[in-house]
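Read off the chains here:
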Amino acid sequence: MHGSLLVAGTTSDAGKSALVAGVCRWLARRGVAVAPFKAQNMSNNSVVTADGGEIGRAQAMQAQACGLEPSVAFNPVLLKPGSDRSSQVVVLGRVDGTVSARSYRDRKAALLDVVTDTLAELRGRYDVVVCEGAGSPAEINLRATDIANMGLAQAADLPVVVVGDIDRGGVLAHLFGTVAVLDRADQARVAGFVVNKFRGDPSLLTPGLDQLLALTGRPTLGVVPWADRLWLDAEDSLAAVADGVLGRPAAPLGEQWLRVAVVRLPRMSNSTDAEALACEPGVAVRYVSEPSRLVDADLVLLPGSKSTVSDLGWLRRTGLADAVAAHARAGRPVLGICGGYQMLGRRITDPHGVEGGSVDGLGLLDLEVDFAPDKHLGRPTGTAWDEPVRGYEIHHGRVVRSTDPPLLGATTGPDAGSDAGPVVGTHWHGLLENDGFRRALLRRAADLAGRSGFVAAPDTDFAAERSAQLDLLGDLVERHLDTAALDHLIAHGPPPGLPTVHTHLAAPC
């Protein structure tokens, strides 16, 4: 089997990433050599690849679904928003400047060559490449310079399936409208639809899907049911709703829950660091955005940030900075990761204007940080609390002075993290995915918070939890999609003669 497919969506968070991962897992389990591809991603959730670059976390998850190590080829262009108006551009894993929405348009022509060349190389190495669109192909105001949706489909001769999220409502209108606003050539590439996150009796939806077929000439290839077990590796930190419980926590093994408050920073990055905690029985993890939510928290987690100085200012304006400090002064545990770690120190110095200026930190750790113009990327290993650990680093800030005991015993130098009793910090993302270290952290947090009735589970295997979710995605594709039609579409492209959808709008009087 050889071919490619582009999965587009009616909206952001319609389920493109999950569907691509599911298709990849389904194909890989059949012995097909398959790889994921997202030409352009916009996300502050990223990982470091084995080839030393940086890509969106969703593509790393999709790579795992394929049984592959993450590679910069799977996401050649990554945009990391630093404000509402500007984003850092990462091309083939390396930072390549900062752009505004308007100035980025001028760069896309050159980036299209990067994208198509990278995709062509992947298609030469793998039997199937499953591509993920970005946002919606119906953003016709951006079509002229598009490199991720229909622009990519035309340049690389890809068939397209459009997925819509029925949980948001209006999915039939979304699917019809997505096709209808496209021009004739783009419509000819859209071969079918997938309805995602359906709850209830699918037979009630059948008349609507029949009408959608009559209106567009395109079938619905499947209706994927709602699966509440799917929550790991959410690509977009915007999905981290404040004050909501993360995941589906199992009942505690002991008599008490352990309550974790993750501060939802405006430019939070790698929010997925908290997910491993949420896999633990009896651990309730919440994203919080105002001080009162820290009052009954046992462990406070300050996550990474794409704009550390700006987010530190937000902490102070909202009163969360004082609440975090009070929590630490009471001897209760605080964990800072990457940008959150830098905020916990005494001073952040920014001589090169990377983040817009120097600022005092919260002073909960005795360390100073300098921002360097170049970004440090790494996949280190070491030891923490007598447990072997590994992680990945993505940061401009370097610790230039620290007097606190190091967290990572096998790592030398000031960037070894800090272990100051109740306050702990590290630059390492993914540290909590190490099962032994995570259990040690939970036991320490429970002791410091006075939760003597909390019992840390001895056997939670985070890697197995993630693998089980990928298998579930593959199962959903296999059971609920027309896989024979999907096979044919991947191998042969869109069927010829697909009708052009017209809205037949009357001219204004």
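Look above for the structure.
A short note on the overall build of the protein chain
When helices and strands are tallied, the protein chain shows 14 helices and 26 strands. Seen along its three principal axes, the alpha-carbon backbone of the protein chain occupies a region of about 70 × 55 × 50 Å. A buried classification covers 57% of the 509 residues belonging to the protein chain. Expressed as a percentage of contacts within the protein chain between residues at least 6 apart in sequence, the contacts between residues at least 24 apart total 74%. The averaged location of the 59 negative side-chain charges in the protein chain is 3 Å from the averaged location of its 48 positive side-chain charges.

What about the pattern of salt bridges?
Applying the stated criterion to the full structure yields 32 salt bridges. As a salt-bridge pair, D471 and R25 come within 3.0 Å of each other at their nearest N and O atoms. One end of the pair, D471, is in helix α13 (residues 462-480); the other, R25, is in helix α1 (residues 16-29), and 446 residues separate them in sequence. Taking relative accessible area as the criterion, D471 reaches 28% and is therefore assigned partly exposed. Of the residues examined, R25 reaches a relative accessible area of 11% and is grouped as buried. Notably, a salt bridge pairs K80 with E54, separated by 2.4 Å at the nearest N-O pair. Of this pair, K80 sits in strand β6 (residues 77-81) while E54 sits in strand β5 (residues 54-56), placing them 26 residues apart in sequence. As far as the burial class goes, K80 and E54 line up, both buried. Each of R25, R29, D471, D475, E478 and R479 takes part in one network of salt bridges that share partners.

Regarding the sheet that holds strand β7 (residues 86-91)
Backbone-to-backbone hydrogen bonds pair the strands of a sheet. The strands run either parallel or antiparallel. Across the sheet, four strands lie side by side as β3-β6-β7-β8; this open sheet has mixed pairing. The strands lining the two open edges of the sheet, one partner per strand, are β3 (40-42) and β8 (94-100). The sheet shows a mean angle of 25 degrees between the axes of neighbouring strands, direction not considered.

A closer look at empty space enclosed by the protein
Overall, the coordinates contain one cavity of 30 Å³ or more when judged by the stated rule. As a volume, the largest cavity reaches approximately 50 Å³. Residue lining of the largest cavity: L299, P333, V334, L335, G421, P422, V424, L441, R444, A445 and L448, and that is the complete set. Mapped by element, the contributors of at least two residues to the lining of the largest cavity are β18 (334-337) and α12 (435-449). The element that contributes the greatest number of residues to the lining of the largest cavity is α12, accounting for four residues.

A word on the nonpolar core
The biggest cluster of nonpolar side chains holds 68 residues, and the ones touching the most others in it are V263, L277, V285, L315 and L432. Excluding anything up to four places from it in sequence, V263 contacts M268, V288, V300, L301, L302, P303, W314, L315 and L320. Residues V91, Y104, V115 and V501 belong to the second largest nonpolar core, which totals 45 residues.

Topic: the side chain of R218
In this structure, R218 sits in the loop between α7 (206-216) and β12 (220-225). Summary of buried charges: R218 has no salt-bridge partner, and the nearest side chain of opposite charge, D183, is 9.9 Å away. What R218 contacts, discounting residues up to four positions off in sequence, is V179, Q187, A188, V190, A191, G192, F193, L212, L213, L498, P499 and V501.

Observations regarding unusual backbone geometry
You will see that L92, though not glycine, has its phi angle at about 50 degrees, which is positive. Here L92 shows up in the loop between β7 and β8. Exposure remark for L92: the relative accessible area of 39% places this residue in the partly exposed category. The phi dihedral of K197 is positive, around 65 degrees, even though this residue is not glycine. Within the element layout of this structure, K197 appears in strand β11 (residues 190-198). Taking the relative accessible area as the measure of exposure, K197 reaches 19% and is therefore buried.

Quick look at helix α14 (residues 483-492)
Every buried residue belonging to α14 is among L486, L489 and I490, and all of these are buried. Down the axis of α14, the smallest arc covering the buried residues is 95 degrees, so these residues share one side. Counted as exposed and oriented over 90 degrees from the buried face of α14: A484 and H492. Of the surrounding secondary structure, the elements contacted by the buried residues of α14 are β1 (3-9), α1, β9 (128-132), β10 (160-165), β11 and β12. Phi for G493, located one or two positions after α14, is positive at around 80 degrees.

Some remarks on the packing of α1 against helix α2 (residues 57-66)
Look at α1 against α2: their axes get within 7 Å of each other, and the N-to-C directions meet at 20 degrees. Judged by the angle between their axes, α1 and α2 are roughly parallel. In this structure, the crossing between α1 and α2 has a hand that is right-handed. Here S17, V20, A21, C24, R25 and A28 of α1 come into contact with α2, specifically with A58, M61, Q62, Q64, A65 and C66. Taken together, the residues that form the contact of α1 with α2 break down as eight nonpolar, three polar and one charged.

Structural notes on the sheet that holds β18
Across the sheet, which stays open at both edges, the six strands sit in the order β15-β13-β16-β18-β26-β25 with mixed pairing between neighbours. Edge positions in the sheet fall to β15 (283-288) and β25 (418-420), since each of these pairs with one other strand and no more. The average undirected angle you get between the axes of adjacent strands in this sheet is 15 degrees. Two strands pair when backbone bridges link them, and strand β13 (residues 258-263) and β15 are joined in this way by six bridges, in the parallel orientation.

Observations concerning the packing of aromatic side chains
Under the definition given, this model contains one aromatic pair. When the ring of W385 is compared with that of F437, the centres are 4.8 Å apart and the planes differ by 25 degrees; the resulting orientation is stacked. With W385 in the loop between β22 (381-384) and β23 (387-390) and F437 in helix α12, the pair connects residues that are 52 residues apart, well separated along the chain. Taking relative accessible area as the criterion, F437 reaches 1% and is therefore assigned buried. It is R199 that lies over the ring of W226; its NZ or CZ is 3.8 Å from the centre.

Parameters at a glance
Residues numbered from 1 in each chain as written. Predicted model: local features only at pLDDT ≥ 70, side-chain atom pairs only at ≥ 80, totals over all residues. Heavy atoms only, no water. Helix = DSSP H or I, 4+ residues; strand = E, 2+ residues; numbered from the N terminus. Buried < 20%, exposed > 50% of the residue type's maximum accessible area, 1.4 Å probe, protein only. Contact = heavy atoms within 4.5 Å. Lys, Arg positive; Asp, Glu negative; His and termini not counted. Charge placed at Lys NZ, Arg CZ, Asp CG, Glu CD. Salt bridge = Lys/Arg side-chain N within 4 Å of Asp/Glu carboxyl O. Pairing = 2+ DSSP bridges. Axes fitted to C-alpha atoms, helices over the stretch in contact; angles between N-to-C directions. 1 Å grid on protein atoms, 1.4 Å probe; cavity = no way out; pocket = protein on both sides within 12 Å on 5 of 7 lines; lining within 4 Å. Points joined across faces, edges and corners; volume = space filled by probe spheres on them. Core = buried A, V, L, I, M, F, W, Y, C linked by side-chain atoms within 4.5 Å. Arc of directions from axis to C-beta. Parallel < 35°, antiparallel > 145°, perpendicular 65-115°, else oblique. Left-handed = near helix turned anticlockwise from the far one by under 90°. Nonpolar A, V, L, I, M, F, W, Y, C, P; charged D, E, K, R; others polar. Phe/Tyr/Trp six-rings, centres within 6.5 Å; stacked < 30°, edge-to-face > 60°. Lys NZ or Arg CZ within 6 Å of the ring centre and 35° of its normal.

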